[in-house]
Amino acid sequence: MTAPRALPAPHDTPLDLGGRTALVTGAAGGIGRACALRLAAAGAKVRAVDRDAAGLEALAAAAADLGGAVEPHVLDLTDLDAAESAAAGTDVLVNNAGLQLVRPIEEFPPDVFHTVLTVMLEAPFRLIRGALPHMYGQGWGRVVNISSVHGLRASAYKSAYVAAKHGLEGLSKTTALEGAAHGVTSNCVNPGYVRTALVEKQIADQARAHDIPEERVVSEVLLQDSAVKRLIEPEEVAQAVAYLCGPQASFVTGASLVMDGGWTAH
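Sequence order as written defines residue numbering, which begins from 1 separately in each chain. Only residues with pLDDT of at least 70 are given local features in this predicted model, and only at 80 or more are side-chain atom pairs given and counted; all residues enter the totals for whole chains, interfaces and linings. The side-chain values count all of the structure's non-hydrogen atoms but skip hydrogen atoms and water molecules.

Engineer: I keep staring at the pattern of salt bridges and nothing clicks. Help me out?
Structural biologist: A side-chain nitrogen of Lys or Arg and a carboxyl oxygen of Asp or Glu constitute a salt bridge if their distance falls within 4 Å. In the structure shown here, the tally under the stated rule is nine salt bridges. Across the salt bridge formed by Asp81 and Arg126, the nearest N and O atoms sit 2.5 Å from each other. Placement of the pair is Asp81 in helix 3 (residues 80-86) and Arg126 in helix 4 (residues 110-138), with a sequence separation of 45 residues. Salt bridges here are not isolated pairs; linked through shared partners, they connect Asp81, Glu84, Arg126 and Arg129. Where helices and strands are cited, they refer to DSSP runs of H or I of at least four residues and of E of at least two residues respectively, numbered from the N terminus.

Here it is, written out as structure tokens:
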């Protein structure tokens, strides 16, 4: 029997990512921006990936004001080879980038379905593939996939998003099983509706799909199954990501950290 591993008391273990490189996709806004700032505050050099060059520059400036280091990396994740190359040498990988379209299946454009699966499932695979050799080589790595309650439950009119998030859950678990022997953990964070531009932009689509006024969408559609009747703040999701990167979570892998206000408690 192996001796128990000594861990510092929780109050003695603030997140310290000094000397580590973190890559965050979809970093120009919303959850990605909050994650990039949180990891930079913990001392990581953050490689911020997004198509939005102006948003990345604003992020880098905000991080610098807080004493953190963010390196903007303008990249379209549909360029899968470039995505894999960008992940080389990273210690922490946060797969966050996403897009959404709300349509019935019979009206869902096949090209958009393909793009959603490319950005939200195939690109994370390629990023993980690019990151693992370095992680394995040093015997330490953290992969955090921003999934969703929709990785665990389905909603009507979101075929591409739900399919991508369900696939991401499986990819994360497979990464956990393969990475465990190399000191690499892989987990999902599963928020409900977060106060982001992605959510705000789908309100009109939801109103059309459900044939209700936009002002009723948040209460009657988005938060219908949530016991806690509010949107989640991006910073709350970033704190969950930070926890999974810390020493207290070294035994947490292959998991889905649900923060959905009680949605899946039904």
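Engineer: Help me understand the sheet that holds strand 4 (residues 92-95), please; the structure alone is not making it clear to me.
Structural biologist: The strands making up a sheet associate through backbone hydrogen bonding, with each pair oriented either parallel or antiparallel. Pairing within the open sheet is parallel, and its seven strands lie in the order 3-2-1-4-5-6-7. Of all the strands in the sheet, the pair left with one neighbour each is strand 3 (69-74) and strand 7 (256-259). Each strand of the sheet is rotated relative to its neighbour by a mean of 15 degrees, with strand direction disregarded. Strands are labelled as partners when DSSP assigns at least two bridges between them. Pairing of strand 2 (residues 45-50) with strand 3 involves six bridges; the strand directions are parallel. Bridge pairing in strand 3 places Lys45 opposite Ala69. The contact criterion used throughout is that any non-hydrogen atoms of two residues lie within 4.5 Å. Every angle, taken between N-to-C directions, lies between 0 and 180 degrees, and every axis is a line fitted to C-alpha atoms, over only the stretch in contact when it is a helix. Along the sheet, helix 2 (residues 53-65) contacts strand 2 and strand 3; its crossing angle with strand 3, the most-contacted strand, is approximately 175 degrees. Together, strand 5 (141-146), strand 6 (184-191) and strand 7 form the strand contacts of helix 5 (residues 159-179), whose direction differs from that of strand 6 by roughly 155 degrees.

Engineer: How should I be thinking about the environment of Glu214 in this particular structure?
Structural biologist: Tracing the backbone through its elements, the reader meets Glu214 in the loop between helix 6 (197-210) and helix 7 (217-222). C-alpha separation for the pair Glu214 and Ala82, spaced 132 residues apart in sequence, amounts to 39 Å. Once residues within four sequence positions are removed from consideration, Glu214 is found in contact with Ile203, Ala204 and Ala207.

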